[in-house]
Amino acid sequence: MTIARTTVRLACVQSCWSYDRMQGIGIGYASLPLLAPLGASDPDRYRAAVARASTFFNANPYLAGIVVAAAARAELDGAAGEHVLRLKKALAGPLGALGDLLFWAGLVPLVSAILLVAGAGWGVREPAIAGWVIGLTLVLFNGFRFGLARWSVGFGWRHGLSTGGALVESGLPRVGPRIAPLAAVLGGVAIPMTLAAIGGQGRTVSVLVLAVIGLAGLARRRSWRLPPTALTVVGIVGVGLWRWVVAGAGT
Amino acid sequence: MTLPWEALLLVTAWGTMVGVDLVSVPQALFARPVVAGFIAGVMLGEPVVGLQVGLILELFAFDTLAIGSARYPDLGSATIPAVVAAALLGPGDGSIGLGVALGLVLGQIGGVSLEALRRWNGRTIQQVESMLQDGAPRLLGRLQWMGVGRDALRSAILVVVGLGLAGTMPGLPPVIIAAPEITWVAIAGSGLAGSIGLLRGVARGSHWRWFVLGTGAGLLLTGGLG
């Protein structure tokens, strides 16, 4: 029950994100159910543990449960305050890197590509089917995400101060790199499908797809910093003005 | 086309929820533009328009990483006024492109508003710094929910401002609304953003081959190589 409450609280771990403490307040809030036994037995130590739990911290939010539970376990085991703070500091980097690899450079682009393929493949002709696929994809992603959050809390709770070593031996570091190629393939599928869904199928869209991918590849190879958003907005404004001026000249 | 008040209230509530989802709670991917756009489209009775705008903005979202202290656009909330604009502009060839342009601009404003929100949270935390250093469990909960409230306010303002701008767009000259080139620029820009984002992210290094393989398969599926 305590682990479940912590897991639920982790859903809002970034609600009070600030440049000073980053996720600190959210981590502290999520730690409270786990630290509660200290409140009854040793109120002074409890307050000190709560203060330590809410200090500066930043990592991937989806894996934050590991540090929340590991630090709380260490507090309950009577570890010195400086050891708990050192544990948090030691876990921040690896959890950030692991989580970013798993989610931001893996699962999230994969889900995004699935949503694009579903939307582009069925959306224009059969929006209801696209809606079902989108809904199912979100259910699966969130099922995995909350399942992983619960696992993270349990993992940190079991290993306490030795969480760092246990993390290396767990299968987690190997998951992210396996998802990336799948996301790259599906992302590649999604681009022509999306462009064709809006622009219509045909040679024009194919040429456009090859042109933009070629340009993106060239930009990557030459380390050009192309800003697509700015280019698009400027392009749209420019085309609009041009059409307006041409129409004005014609009347 | 005009929109009833009930529909506008509904999309404002949805846009607020989407904005809060991006960073605060629950980070369940409701803020992905294709999800936000499709639901907004269903609310307006225009699911296809919602999907079309959402699909284009989703490709732009590939080029952003919503991590840490970096500035990134709030494309989720921005998608809602973009869909409303495209729906209000009607079936003109440029309406999807104009909606996307509004979404992209609002997304950047949303990014600035997220930074302001973080500074606002920081100022509140500094005011209670000594209490936090002494350990204050009840205060942590209060700070958390104040943060959610502020993010909801930020998102709602962004959506309402966006809806106001969307409402002015039918006043654009008909020759602009009817210009197909506008939507083509949006399509090309989204393809470029998606490709850059993927090559910088999941398709970096040797994974670019997987990306090229996928693109070839996508072209085959759309009949573009036939």
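Each remark here, short or long, concerns the structure printed above.
Residues numbered from 1 in each chain as written. Chains lettered and ligands numbered in written order. Predicted model: local features only at pLDDT ≥ 70, side-chain atom pairs only at ≥ 80, totals over all residues. Heavy atoms only, no water.

Asks: Just checking my understanding: could you explain the packing of helix α9 (residues 203-222) of chain A against helix α9 (residues 180-200) of chain B for this structure?
Replies: Any two packed helices are characterised by how steeply their axes cross, that is the angle between the axes, and by the distance between the axes. Running from N to C, α9(A) and α9(B) cross one another at 40 degrees; their axes reach a closest spacing of 9 Å. Put simply, α9(A) runs oblique to α9(B). Handedness of the crossing formed by α9(A) with α9(B): right-handed. Across the interface between the two elements, A:Thr204, A:Val205, A:Leu208, A:Val212, A:Ile213, A:Leu215, A:Ala216, A:Gly217 and A:Arg220 from α9(A) touch B:Trp184, B:Ile187, B:Ala188, B:Gly191, B:Leu192, B:Ser195, B:Ile196, B:Leu199 and B:Arg200 from α9(B). (Axes fitted to C-alpha atoms, helices over the stretch in contact; angles between N-to-C directions. Helix = DSSP H or I, 4+ residues; strand = E, 2+ residues; numbered from the N terminus. Parallel < 35°, antiparallel > 145°, perpendicular 65-115°, else oblique. Left-handed = near helix turned anticlockwise from the far one by under 90°. Contact = heavy atoms within 4.5 Å.)

Asks: It is not clear to me how the interface of chain A and chain B should be interpreted in this structure. Could you clarify?
Replies: How large an interface is tends to be reported as the accessible area lost when its parts come together. Across the boundary between the two partners, chain A contributes 95 residues, which contact 95 residues of chain B. Here chain A meets chain B over a buried area of about 7,900 Å², counting both sides, of which 74% is carbon and sulfur. Contact with chain B buries surface across chain A, with A:Tyr19, A:Ile198 and A:Ile236 losing the most and accounting together for 8% of the total. Summed over the shared surface of chain A and chain B, the result is 2 salt bridges. As a salt-bridge pair, A:Arg21 and B:Glu129 come within 2.4 Å of each other at their nearest N and O atoms. Put simply, chain A and chain B have 18 residue pairs in polar contact (both at pLDDT 80 or more) between them. (Buried area = accessible area lost by both parts, 1.4 Å probe. Salt bridge = Lys/Arg side-chain N within 4 Å of Asp/Glu carboxyl O. Polar contact = N/O pair within 3.5 Å; in protein donor to acceptor, adjacent residues only side chain to side chain.)

Asks: Even after reading the chapter, I still don't get the side chain of A:Ser31, so can you show me in this structure?
Replies: Residues and elements named next belong to chain A. Counting through the fold element by element, Ser31 comes out in helix α2 (residues 24-41). On the basis of relative accessibility, which here comes to 3%, the residue Ser31 falls in the buried class. Other than its neighbours up to four places away in sequence, Ser31 contacts Ala53 and Val68. (Buried < 20%, exposed > 50% of the residue type's maximum accessible area, 1.4 Å probe, protein only.)

Asks: Is there a simple way to think about the nonpolar core in this case?
Replies: Considering soluble globular proteins, one finds that nonpolar side chains tend to be buried as a cluster. Ranked by internal contacts, the top residues of the largest apolar core, which has 149 residues, are B:Val53 and B:Val100. Sorting elements by how many residues they give to this core places helix α5 (residues 81-123) of chain A first, with 16 residues. B:Val53 has contacts with B:Ala82, B:Val83, B:Ala86, B:Ile96 and B:Val100, leaving out every residue within four places of it along the chain. (Core = buried A, V, L, I, M, F, W, Y, C linked by side-chain atoms within 4.5 Å.)

Asks: Got a minute to help me understand the packing of aromatic side chains in this structure?
Replies: Remark: the centre distance and the inter-plane angle together describe each pair of aromatic rings, the angle taken between the planes. Evaluated as defined, the whole model comprises 8 aromatic pairs over all chains. On the numbers, 6.2 Å between centres and 90 degrees between planes, the contact of A:Phe103 with A:Phe141 is edge-to-face. Remark: A:Phe141 occurs in helix α6 (residues 127-159) and A:Phe103 occurs in helix α5; sequence separation between them is 38 residues. Since its relative accessible area comes to 4%, A:Phe141 is described here as buried. Ring geometry for B:Trp14 against B:Phe30: centres 6.2 Å apart, planes inclined by 55 degrees, an arrangement best described as tilted. Taken together, the positions of B:Trp14 in helix α1 (residues 5-23) and B:Phe30 in the loop between α1 and α2 (33-44) put the pair 16 residues apart, joining distant regions of the chain. The class for B:Trp14 is buried, based on a relative accessible area of 9%. On the basis of relative accessibility, which here comes to 21%, the residue B:Phe30 falls in the partly exposed class. (Phe/Tyr/Trp six-rings, centres within 6.5 Å; stacked < 30°, edge-to-face > 60°.)

Geometry only, nothing functional implied.
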